[in-house]
Amino acid sequence: MITNDVLRRVRYALQLNDTKMLAIFASVDNEMSVDFLHSIIAKEDAEGFVLCRDSVLSLFLDGLIYEKRGRKEGAVPAVLPAKAILSNNDILRKLRIALNFKDEDMLNALSLANFPVSKGELSALFRKSDHRNYKPCGDQLLRRFIDGITVQFRGTKPSTDAVDAE
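Residues numbered from 1 in each chain as written. Predicted model: local features only at pLDDT ≥ 70, side-chain atom pairs only at ≥ 80, totals over all residues. Heavy atoms only, no water.

*Asks:* Where do I start with the pattern of salt bridges in this structure?
*Replies:* Two side chains that carry opposite charge are able to pair once their charged atoms sit near each other. Inspection of the entire model under this criterion finds 10 salt bridges. A salt bridge links R9 to D147, with the shortest nitrogen-to-oxygen separation between them at 3.2 Å. Taken together, the residues span a long stretch of sequence, with R9 in helix 1 (residues 3-13) and D147 in helix 8 (residues 139-154) at a distance of 138 residues. Each member of the pair, R9 as well as D147, is classed as buried. Overlapping salt bridges, with partners in common, bring together D5, R8, R9, E44 and D147 in one network. (Salt bridge = Lys/Arg side-chain N within 4 Å of Asp/Glu carboxyl O. Helix = DSSP H or I, 4+ residues; strand = E, 2+ residues; numbered from the N terminus. Buried < 20%, exposed > 50% of the residue type's maximum accessible area, 1.4 Å probe, protein only.)

*Asks:* Help me understand the packing of aromatic side chains in this model?
*Replies:* For any pair of aromatic rings, geometry is given as the distance between the ring centres together with the angle between the planes. Overall, the coordinates contain 2 aromatic pairs when judged by the stated rule. With a centroid separation of 5.5 Å and 45° between ring planes, the pair formed by F25 and F60 is classed as tilted. Residue F25 is found in helix 2 (residues 18-26), and its partner F60 is found in helix 4 (residues 54-69); the two are separated by 35 residues along the sequence. Comparing F25 with F60, the two get one shared label, buried. Aromatic pair F101 and F145: ring centres 6.2 Å apart, planes at 85°, arrangement edge-to-face. Here F101, found in the loop between helix 5 (88-98) and helix 6 (103-112), pairs with F145, found in helix 8; they are 44 residues apart in sequence, far enough to count as distant. In this structure, F101 and F145 share a single accessibility class: buried. Note that R154 overlies the ring of Y12, its terminal NZ or CZ placed 3.9 Å from the centroid. (Phe/Tyr/Trp six-rings, centres within 6.5 Å; stacked < 30°, edge-to-face > 60°. Lys NZ or Arg CZ within 6 Å of the ring centre and 35° of its normal.)

*Asks:* Sorry if this is basic, but what is going on with helix 2 here?
*Replies:* Structural remark: α-helix, 3.6 residues per turn; residues separated by three or four positions point the same way. Every buried residue of helix 2 is accounted for by M21, I24 and F25. Buried residues in helix 2, looked at end-on, bunch into an arc of 100°, giving them a common side. Contact partners of the buried residues in helix 2: helix 1, helix 3 (34-41) and helix 4. Capping of helix 2 at its N-terminal end is provided by N17; its side-chain oxygen lies 3.2 Å from the backbone amide nitrogen of T19. (Arc of directions from axis to C-beta. Contact = heavy atoms within 4.5 Å. Polar contact = N/O pair within 3.5 Å; in protein donor to acceptor, adjacent residues only side chain to side chain.)

Next comes the structure, spelled out in structure tokens:
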């Protein structure tokens, strides 16, 4: 999943407007203009589309954690190194932390999106990458999880048109 799509879908699921999005970015010391925000949440074929770097998505997810759970004393947002890649597992983990989800909440969100996963499969996604039972999170699982939180927070399953219009 490209980072722009993740950003756009999370924005829709959590009903975040431009002001809220800019405040989330500002909370991690990443000021941006409304025009740049619109360019990174635009569809790939839209005019003005700019690819959202992994470091920008990581900062947004860190800001979302601060917004939803509060900032730890002395915590400084970690900026990804220049060529570092934010994996789907990292995105899922940060969303889990931001939303304060436990295993049951994660399983419920996935079942709301008609994508049942066992508790063992779910725990494998949150293991360290060098652990023997680690499982990489696929695009479909991440997409379905975001669909599930959309159903949970908005009450309806998202259509691609609704996500684009937001």
